[in-house]
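Residue-level structural notes
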Amino acid sequence: MNTKQLLSLIFLAALASPALAAGAPASALADAKAEADFDAYFDTRMKAAQKAMSEKRYASVREQVLELEKALRRVDPDYGEKSQWAYVLDFKRFALYEMGEQDAAVASCRQTVKVLAPNDWPYLAEFNVVRAARRACHNMLAYEQSAVATTVAQHEEAIAQIEQCFDTVSPIEDAAVLDNFYETRATVYLKANTVTKNKYQEQLFDTLVRADARKLALDEDPQFANIMKTPAYLIFKKEFKNDRKNGSRKTTDNQEST
């Protein structure tokens, strides 16, 4: 239950008490009922979308979230209720991608990071879903950009997107929220490295070391496994471990959460 829903229930409970309900303006009662009605509608639609998602019925997911998007545009055109927008836009992105509509999914990602960025509250759990949606979108944007990049500038744009993903994290979130994105990060740096004469070798090694420390098994990919056997990488890994012991290097991407 998000903050808006919780406040609605508290407000309605207060109105039900004789001391408050008797003197409450009719407009306040109407607003409270409208908000409660919308939250109920939103919850019903999202549960249907979640069920369809679990059953991989992505066309149904898209239908549900597009209806919710239209409804949210009517009641919240300024994107104030970020957690509800985050659910809708993230489901939309995922459904579009799974249906093979990559261009639409990427466009949805650009919309999401624009309307949800980045004025959240780092110590408020309600915004965890907002950060999660933004991370997923920055990750997708990085992967898709890297896949088609032919110039240094395009690779640098992919790098900027994946680093935005890793920067979008709160001290109240566990470090594991970033685990799904190390593979994209390593892929982005590996591809950028091939066109920049090893400019990003340190960042690539750093990503692989961190992933290895978190037991993410990136070495199951042959291209990463080969890199992780090279003398240069093994030297970097040894130095990384030494830095972790003496505290001279930040050794996690979310230091405060571990």
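Conventions we followed
- Residues numbered from 1 in each chain as written.
- Predicted model: local features only at pLDDT ≥ 70, side-chain atom pairs only at ≥ 80, totals over all residues.
- Heavy atoms only, no water.
- Helix = DSSP H or I, 4+ residues; strand = E, 2+ residues; numbered from the N terminus.
- Expected span 1.5 Å × (residues − 1).
- Contact = heavy atoms within 4.5 Å.
- Salt bridge = Lys/Arg side-chain N within 4 Å of Asp/Glu carboxyl O.
- Buried < 20%, exposed > 50% of the residue type's maximum accessible area, 1.4 Å probe, protein only.
- Axes fitted to C-alpha atoms, helices over the stretch in contact; angles between N-to-C directions.
- Left-handed = near helix turned anticlockwise from the far one by under 90°.
- Nonpolar A, V, L, I, M, F, W, Y, C, P; charged D, E, K, R; others polar.
- Phe/Tyr/Trp six-rings, centres within 6.5 Å; stacked < 30°, edge-to-face > 60°.

Here helix α12 (residues 231–246) is 16 residues long and its end C-alpha atoms lie 23 Å apart, about the 22 Å a rise of 1.5 Å per residue gives. Packed against the buried residues of α12 are α10 (201–213) and α11 (222–227). Downstream of α12 by one or two residues, G247 has phi in the positive range, about 75 degrees.

Moving on, we come to the pattern of salt bridges. Pairing between side chains becomes possible if they bear opposite charge and their charged atoms approach one another. The final tally for this structure, using the stated rule, is 14 salt bridges. The partner of E69 in a salt bridge is K92, and the shortest N-O contact between them spans 3.1 Å. With a gap of 23 residues between them, E69 in helix α4 (residues 58–75) and K92 in helix α5 (residues 82–98) connect regions that are remote in the sequence. Exposure class is identical for E69 and K92. Each is buried. The closest approach of N and O atoms between R135 and E173, which form a salt bridge, is 2.9 Å. Here the residue R135 occupies a position in helix α7 (residues 128–148), and E173 occupies one in the loop between α8 (152–167) and α9 (182–194), the gap between them amounting to 38 residues. Each member of the pair, R135 as well as E173, carries the same accessibility label: buried. In this structure, a network of salt bridges that share partners links the residues K51, E55 and R57.

Time to look at the packing of α4 against α5. For the pair α4 and α5, interaxial distance at closest approach is 9 Å and the crossing angle is 145 degrees. Here α4 runs over α5; the crossing is left-handed. Taking contact as the criterion, the partners of Y58, V61, R62, V65, L66, L68, E69, L72 and R73 in α4 are, on α5, Q84, W85, V88, L89, F91, K92, F94, A95, L96 and E98. For the contact of α4 with α5, a count of residues per class yields 13 nonpolar, one polar and five charged.

Looking now at the packing of aromatic side chains. In total, this model carries eight aromatic pairs according to the counting rule given. Seen in terms of ring centroids, Y79 and W85 are 4.4 Å apart; in terms of plane orientation they differ by 45 degrees. Their pairing is tilted. Here the aromatic rings of Y189 and Y200 are separated by 5.8 Å at their centres, their planes lie at 40 degrees, and the arrangement is tilted. With Y189 in helix α9 and Y200 in the loop between α9 and α10, this residue pair connects regions lying 11 residues apart in the sequence.

A few words now on α5. Given 3.6 residues per helical turn, the α-helix brings residues three or four places apart onto the same face. Over its 17 residues, α5 extends 24 Å from the first C-alpha to the last, a length consistent with the 24 Å expected when each residue adds 1.5 Å. A large share of α5 lies buried, amounting to 13 of its 17 residues. Of the residues trailing α5, G100 is marked for its positive phi of about 85 degrees.

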